[in-house]
Amino acid sequence: FLDSLPEEHFDVITMSHVFEHVPNPEQLLERAMALLAPGGSLWLACPNPDSIGFQLFKHNWWGIHAPFHLVIPTRAITTKWLHNAGFEFVRQFTRSASSSYYWRMSENLPQKMGDAGIFLRTCVVGTLIAISILSRKYSDEQIFMAQKPS
């Protein structure tokens, strides 16, 4: 499909949770670069492996979403791939719009803890979700904005 699109035709390309589903993300970035008009922008969102949720839930973290997510690169790797593809003005940030969803889906804590354990778990998880939502580094979703040179 992407091969049939005209090169240097698009002003903006949005990849909202697409990047982690492809077997060769570097090749996808190179194709995005070819499709963008000079000065065009790329907006890319994917799970954040530096998140508190990933640190807490490990292989149960919803961001891994095996077997559908093939790669979840770190900020450094994604930034490197963007630069290698020719993008400039790369800006990275996180957002927490989906953090509570990720955490609800990830929650794999023991359920047989009794009333006190449930209360404690709710307090701890609720506090960590709040930190994740308020944190600029540790939220569950990372966003990259990059530009093709003019």
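A. Molecular detail of the pairing of strand S4 (residues 141-147). Among the seven residues in S4, five count as buried, and that is most of the element. Looking at chain direction, strand S2 (residues 36-47) and S4 are connected through seven bridges and run antiparallel. Within S4, the residue paired with Ser41 across the bridge is Gln147.

B. Up close: the environment of Met33. Mapping Met33 onto the fold places it in helix H1 (residues 25-35). Residues Met33 and Glu7, spaced 26 residues apart in sequence, show a C-alpha to C-alpha distance of 8.8 Å.

C. Summary view of the pairing of S2. Sheet analysis places strand S1 (residues 10-16) next to S2, joined by six bridges and oriented parallel. What sits directly across from Ile13, in S2, is Leu42. The β-α-β motif built from S1, the intervening H1 and the parallel element S2 has right-handed crossover chirality.

D. Examining the confidence of the model for the protein more closely. With 71% of its residues at a pLDDT of 70 or more, the protein shows a mean pLDDT of 80. Note on residues 108-119: pLDDT is under 50 here. Beyond four places in sequence and across chains, it has eight contacts.

Rules used in this analysis
- Position numbers for residues start from 1 in each chain and track the written sequence from start to end.
- Reporting of local features is limited, given that this is a predicted model, to residues whose pLDDT is at least 70; pairs of side-chain atoms are given and counted only at 80 or more, and all residues count toward the totals for whole chains, interfaces and linings.
- Side-chain numbers here rest on the full set of heavy atoms in the structure, without hydrogens or water.
- The buried label applies to any residue whose accessible area, calculated with a 1.4 Å probe on protein chains only, is under 20% of its type's maximum; exposed applies above 50%, and partly exposed to all values in between.
- The helix count covers DSSP runs of H or I at least four residues long, the strand count covers runs of E at least two residues long, and both are numbered beginning at the N terminus.
- Two strands form a pair only when DSSP identifies at least two bridges running between them.
- With strands facing away from the observer, any crossover in which the path from the first strand over the helix to the second runs clockwise is taken as right-handed.
- The predictor's confidence in any single residue is recorded as pLDDT, a number from 0 to 100.
- Contacts between residues were defined by any pair of non-hydrogen atoms, one from each residue, lying within 4.5 Å.

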